Amino acid sequence: MTVADAIAAVPRYDSGAPFDSIPLRNYMSPNPVTVSNLVSIPAISRISPLSFSVVSNNPTIGNATVSGTNLLVSGHQTGSATFTVTATDFDGGAVSQDFTVNVIAAPGRLVQLSTRMQVGTGPMCLLVDSSCAVLRQNGS
């Protein structure tokens, strides 16, 4: 946002439709607008979006890892654990969300689960495979 904020701080002038509010550098009205008066961006590069991390308050109950946009949760023993997922942007700004996972004793064991299955619907669902549970939000 540093570049966008710097452009927003440049004085604006009315140069006629459709340029009735255009940022111009070193411009003196009513002189003609020259290339040197225009705000230009000499290069654009792609920066990585958010990076994610996750921490469990009780790793003996379960732990989690982030794989791409998936949160992989592994339960180790019955009990409850709170997980904190943190998203950090390029500038170091971060936001965190806590959620609780209850690991319960399974009534049976999944046998020969060759594909993922979905448990639940709506904005939150649980995808289960033979090694872990994947919590997905909004179908992402």
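From a predicted model like this one, the values you see are computed outputs, not experimental measurements.

## So, a nonpolar patch on the surface
Inference 1: Together, Val3, Ile41 and Ile44 line one region of the surface with nonpolar side chains, adding up to about 340 Å² of accessible area.
Inference 2: Looking at the secondary structure, you find Ile41 in the loop between strand S2 (22-23) and strand S3 (51-56).

## A closer look at the side chain of Thr86
Inference 1: Mapping Thr86 onto the fold places it in strand S6 (residues 79-88).
Inference 2: For Thr86, the side chain forms a polar contact with the side chain of Ser96, separated by 2.8 Å.
Inference 3: Filtering out sequence-adjacent residues up to four positions away, Thr86 remains in contact with Ser51, Phe52, Ser53, Ala94, Val95 and Ser96.

## What about the pairing of strand S7 (residues 94-103)?
Inference 1: Here S6 pairs with S7 via 10 bridges, running antiparallel. Paired with Phe83 across the bridge in S7 is Phe99.
Inference 2: In this antiparallel pair of consecutive strands, S6 and S7, the connection spans 5 residues, and Gly92 shows a positive phi of 90 degrees.

## Looking at the sheet that holds S6
Inference 1: The 3 strands are arranged S3-S6-S7 in an open sheet whose pairing can be described as antiparallel. Of all strands in the sheet, those bounded by a partner on one side alone are S3 and S7. Neighbour to neighbour, the strand axes of the sheet diverge by 20 degrees on average, direction disregarded.

## Here's the deal with the environment of Thr65
Inference 1: Along the chain, Thr65 falls in strand S4 (residues 62-67).
Inference 2: On the basis of relative accessibility, which here comes to 44%, the residue Thr65 falls in the partly exposed class.
Inference 3: Separated by 20 residues in the primary sequence, Thr65 and Val85 place their C-alpha atoms 9.6 Å from one another.
Inference 4: Once residues lying within four places of it in the same chain are set aside, the contact partners of Thr65 are Val54, Asn70, Leu71 and Leu72.

## Side note on the confidence of the model for the protein
Inference 1: Averaged over all residues, the pLDDT of the protein equals 78, while 75% of them reach at least 70.
Inference 2: Per-element confidence in the protein is highest for strand S1 (residues 12-13), whose mean pLDDT is 92, and lowest for strand S10 (residues 133-137), whose mean pLDDT is 46.
Inference 3: Within the model, the stretch residues 112-120 combines pLDDT values under 50 with 19 contacts to residues more than four positions away or in other chains.
Inference 4: Segment residues 129-140 is flagged for pLDDT under 50; beyond a separation of four residues in sequence, or across chains, it makes 33 contacts in the model.

## Describing the environment of Ile104
Inference 1: With respect to the helices and strands, the residue Ile104 is situated in the loop between S7 and strand S8 (117-119).
Inference 2: Using a relative accessible area of 69% as the deciding quantity, one classes Ile104 as exposed.
Inference 3: Linking Ile104 and Ser80, residues 24 residues apart in sequence, is a C-alpha distance of 8.7 Å.

## Things to note about unusual backbone geometry
Inference 1: Residue Ala17 is joined to Pro18 through a cis peptide bond whose omega torsion reads 0 degrees.
Inference 2: A cis amide bond links Ser29 to the next residue, Pro30, at an omega of 10 degrees.
Inference 3: Within the secondary structure layout, Pro30 lies in the loop between S2 and S3.
Inference 4: Within the chain, Asn26 stands out as a residue other than glycine whose phi angle is a positive 50 degrees.
Inference 5: Tracing the backbone through its elements, the reader meets Asn26 in the loop between S2 and S3.
Inference 6: Exposure remark for Asn26: the relative accessible area of 74% places this residue in the exposed category.

Conventions and cut-offs
- Residues numbered from 1 in each chain as written.
- Predicted model: local features only at pLDDT ≥ 70, side-chain atom pairs only at ≥ 80, totals over all residues.
- Heavy atoms only, no water.
- Patch = residues over 30% accessible without salt bridge, like charges linked within 9 Å, V, L, I, M, F, W, Y side chains within 5 Å.
- Areas by Shrake-Rupley, 256 points an atom, 1.4 Å probe, with all protein chains shown as cover.
- Salt bridge = Lys/Arg side-chain N within 4 Å of Asp/Glu carboxyl O.
- Helix = DSSP H or I, 4+ residues; strand = E, 2+ residues; numbered from the N terminus.
- Polar contact = N/O pair within 3.5 Å; in protein donor to acceptor, adjacent residues only side chain to side chain.
- Contact = heavy atoms within 4.5 Å.
- Pairing = 2+ DSSP bridges.
- Axes fitted to C-alpha atoms, helices over the stretch in contact; angles between N-to-C directions.
- Buried < 20%, exposed > 50% of the residue type's maximum accessible area, 1.4 Å probe, protein only.
- pLDDT = per-residue confidence, 0-100.

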